[in-house]
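Residue-level structure breakdown
Next come the chains, spelled out residue by residue.
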Amino acid sequence: MNPLNHVAIIMDGNGRWGLKNKKSRNEGHKEGLKTVEQIIKETIKHKIKYLTLYAFSTENWKRPKNEIDYLFKLLENFLINKITDLNKQNIKLKIIGEKKFSKKLNNLINISEKKTYKNSGLQINLALNYGSKKEILSALKKLIKKNQTISEQNLEKYLDTSGIPEPDILIRT
């Protein structure tokens, strides 16, 4: 049995990598996506059950609009071109974070999650527009609205990460 059940990766530095290698920040993001595809293959190979990719935090909205647009276009293209392959590989895609994107991207995300919902192989948790403080605040508001006692167990039920085990390893790229 693999001792690693859940690997989480904070995807950071792709834009800086692009500039350092005399390319654009967007080229760095494009290369980062290629790395993600390789990570998915290795995760499957090593029979890791959960892979969390922290791809776009709530703080990333401060980036230039053209960079944000490029990142979401990369994601759109990935979902259009790869979701069928992920589904065939029994991979489940779960988005964590607040889904406030373009109508087209929200639609692609919803279709992708529904298409892979019943898959039981690797679960990829893609953190988009995600911030841990925002997640906790949202969960607390739900607890209060439902008039439930504030406890760790009750809070867990309302987190985006509910039902996902804690990572065994966290990598910052």
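Coordinates for the structure precede this section.
The structure contained in this document is the topic of the report that follows. In this text the structure is predicted, and so the values were computed from the model without any measurement.

Applying the stated criterion across every chain yields a total of 10 salt bridges. Note that Glu-37 is salt-bridged to Lys-82, the shortest N-O span being 3.3 Å. In this pair, Glu-37 is assigned in helix α2 (residues 25-45) and Lys-82 in helix α3 (residues 65-88), connecting sequence segments 45 residues apart. Judged by its relative accessible area of 27%, Lys-82 falls in the partly exposed class. Each of Lys-73, Glu-76 and Lys-104 takes part in one network of salt bridges that share partners.

Considering all chains together, one arrives at six aromatic pairs under this definition. Ring centres of Tyr-54 and Tyr-130 lie 5.7 Å apart, and the angle between their planes is 50 degrees; on these two criteria the pair is classed as tilted. Taken together, the residues Tyr-54 in strand β2 (residues 50-57) and Tyr-130 in strand β4 (residues 123-130) connect sequence positions 76 residues apart. Exposure remark for Tyr-130: the relative accessible area of 11% places this residue in the buried category. Ring geometry for Trp-61 against Phe-72: centres 5.6 Å apart, planes inclined by 45 degrees, an arrangement best described as tilted. Linking Trp-61 in the loop between β2 and α3 with Phe-72 in helix α3, this pair joins segments that are 11 residues apart in sequence. With relative accessibility at 36%, the residue Trp-61 sits in the partly exposed group. Looking at Phe-72, the relative accessible area reads 11%, which means it is buried. By way of ring pairs, the aromatic residues Phe-56, Trp-61, Phe-72 and Phe-101 are connected into one cluster.

Rules behind the numbers
- Residue positions are given per chain, counting from 1 as you read along its sequence in written order.
- In keeping with the model being predicted, local features are shown solely for residues with a pLDDT of at least 70 and side-chain atom pairs are shown and tallied solely at 80 or more, while totals for entire chains, interfaces and linings include all residues.
- To get the side-chain values, all heavy atoms of the structure are used, and hydrogens and water are removed first.
- When a carboxyl oxygen of Asp or Glu lies within 4 Å of a side-chain nitrogen of Lys or Arg, that pair is called a salt bridge.
- Comment: elements are numbered from the N terminus, with helices defined as DSSP H or I runs of at least four residues and strands as E runs of at least two.
- Only protein chains enter the accessibility calculation, which uses a 1.4 Å probe. A residue is then buried if its area is under 20% of the maximum for its type, exposed if over 50%, and partly exposed in between.
- A pair of aromatic rings is counted whenever rings of Phe, Tyr or Trp (Trp by its six-membered ring) have centres within 6.5 Å, and the orientation is called stacked for planes under 30 degrees apart, edge-to-face for over 60 and tilted otherwise.

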